[in-house]
Amino acid sequence: VPDEIALASIEREFVFNTTYVRTFNDKGANLYVETGYANLNNDYRDNFDAKSKERLNSTYLLLESNIPVLSHKAWLLVGTEDGYTNTLYHGVERTQTMYNDLYVQFDYKHGPWFFTLGDRYRIMTYWQKPYDVPEQNLWHHSGNHHGYVGSVGYTFGSRHTVQGTFAHRYVIPLKTS
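The notes below deal with the structure included here. Just so it is clear, the model here is predicted, and its values are computed rather than measured.

Regarding its fold elements, the protein presents zero helices and eight strands. Looking at the protein alone, contacts between residues at least 24 apart form 48% of all its contacts between residues at least 6 apart. Accessible surface computed for the protein: about 12000 Å², of which carbon and sulfur atoms make up 59%.

Written out as structure tokens, the structure is:
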């Protein structure tokens, strides 16, 4: 391991989530809801025995619905994911992030073949506060991007699948205030 890389000496993690799934009809239309919380604490030591701490708190909510379109072979997935993350690097900075994702995905299955096309649009706002600058120098950023995905797959046998995926993220530049 290079000298400049610090490894976590102690890591504590707590994760809690709940999930609710509801099927509405015999065609399989459903609603999926998940919410969760994560807490992560790291104490780092580098090779010179300097110590730094990182603490992360994160909450999220995921809502999505899977709806058959015209037949049982074609499905439309529509969803949103919203979350808040607060990261504290003791003595260095504090970062808070709020994000809202809206996504839509079309899935089609024909025999052993399946195809997927989708887009995930993210709106993100975050604040950074370095510890060595006055309070009025809180950095505020907002931005958004699209994440496009397309895939083709083939299922053979009862448990084997080969899938190729293309993903591209189109970033819209940040606005700083």
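That covers the picture; the talk isn't over yet.
Right, let's talk about the side chain of Thr80 for a bit. You can see Thr80 is positioned in strand 4 (residues 71-89). Residue classification places Thr80 among the buried residues on the basis of a relative accessible area of 16%. A polar contact of 3.5 Å, which involves the side chain of Thr80, links it to the side chain of Asp82. A polar contact is formed between the side chain of Thr80 and the backbone oxygen of Asp101, at a distance of 3.0 Å.

Our focus in this paragraph is the packing of aromatic side chains. Per the counting criterion, the structure on display carries three aromatic pairs. Pairing Phe14 with Tyr37 gives two aromatic rings, centres 6.3 Å apart and planes at 55°, and the pair type is tilted. With a gap of 23 residues between them, Phe14 in strand 1 (residues 7-23) and Tyr37 in strand 2 (residues 30-45) connect regions that are remote in the sequence. Among the residues examined, Phe14 registers a relative accessible area of 48% and is labelled partly exposed. Summarising the aromatic geometry, the rings of Tyr154 and Phe156 are spaced 6.3 Å apart at their centres and angled 25° between planes, so their arrangement reads as stacked. For Phe156, a relative accessible area of 38% gives the class partly exposed. Among the aromatic residues, ring-to-ring pairing joins Trp113, Tyr154 and Phe156 into one connected group. One Lys or Arg, Arg120, reaches over the ring of Tyr103 and ends 4.3 Å from the middle of that ring. In this structure, Arg122 is placed above the aromatic ring of Tyr99, and the distance from its NZ or CZ to the ring centre is 4.5 Å.

Following the sequence through the fold, Ser151 ends up in strand 7 (residues 139-156). Exposure remark for Ser151: the relative accessible area of 7% places this residue in the buried category. Along the primary structure Ser151 and Leu117 are separated by 34 residues, whereas in three dimensions their C-alpha atoms are 6.8 Å apart. Engagement of the side chain of Ser151 in a polar contact is seen with the side chain of Gln163, the distance being 3.1 Å.

As a further point, take the side chain of Asp107. Relative to the helices and strands, Asp107 is located in strand 5 (residues 93-110). The charged side chain of Asp107 is buried without a salt bridge, its nearest counter-charge being Lys109 at 11 Å. Polar side-chain contacts of Asp107 include one of 3.0 Å to the side chain of Gln105. Side-chain polar atoms of Asp107 contact the side chain of Thr116, separated by 2.9 Å.

Thresholds, definitions, all that
Residues numbered from 1 in each chain as written. Predicted model: local features only at pLDDT ≥ 70, side-chain atom pairs only at ≥ 80, totals over all residues. Heavy atoms only, no water. Helix = DSSP H or I, 4+ residues; strand = E, 2+ residues; numbered from the N terminus. Contact = heavy atoms within 4.5 Å. Areas by Shrake-Rupley, 256 points an atom, 1.4 Å probe, with all protein chains shown as cover. Buried < 20%, exposed > 50% of the residue type's maximum accessible area, 1.4 Å probe, protein only. Polar contact = N/O pair within 3.5 Å; in protein donor to acceptor, adjacent residues only side chain to side chain. Phe/Tyr/Trp six-rings, centres within 6.5 Å; stacked < 30°, edge-to-face > 60°. Lys NZ or Arg CZ within 6 Å of the ring centre and 35° of its normal. Lys, Arg positive; Asp, Glu negative; His and termini not counted. Salt bridge = Lys/Arg side-chain N within 4 Å of Asp/Glu carboxyl O.

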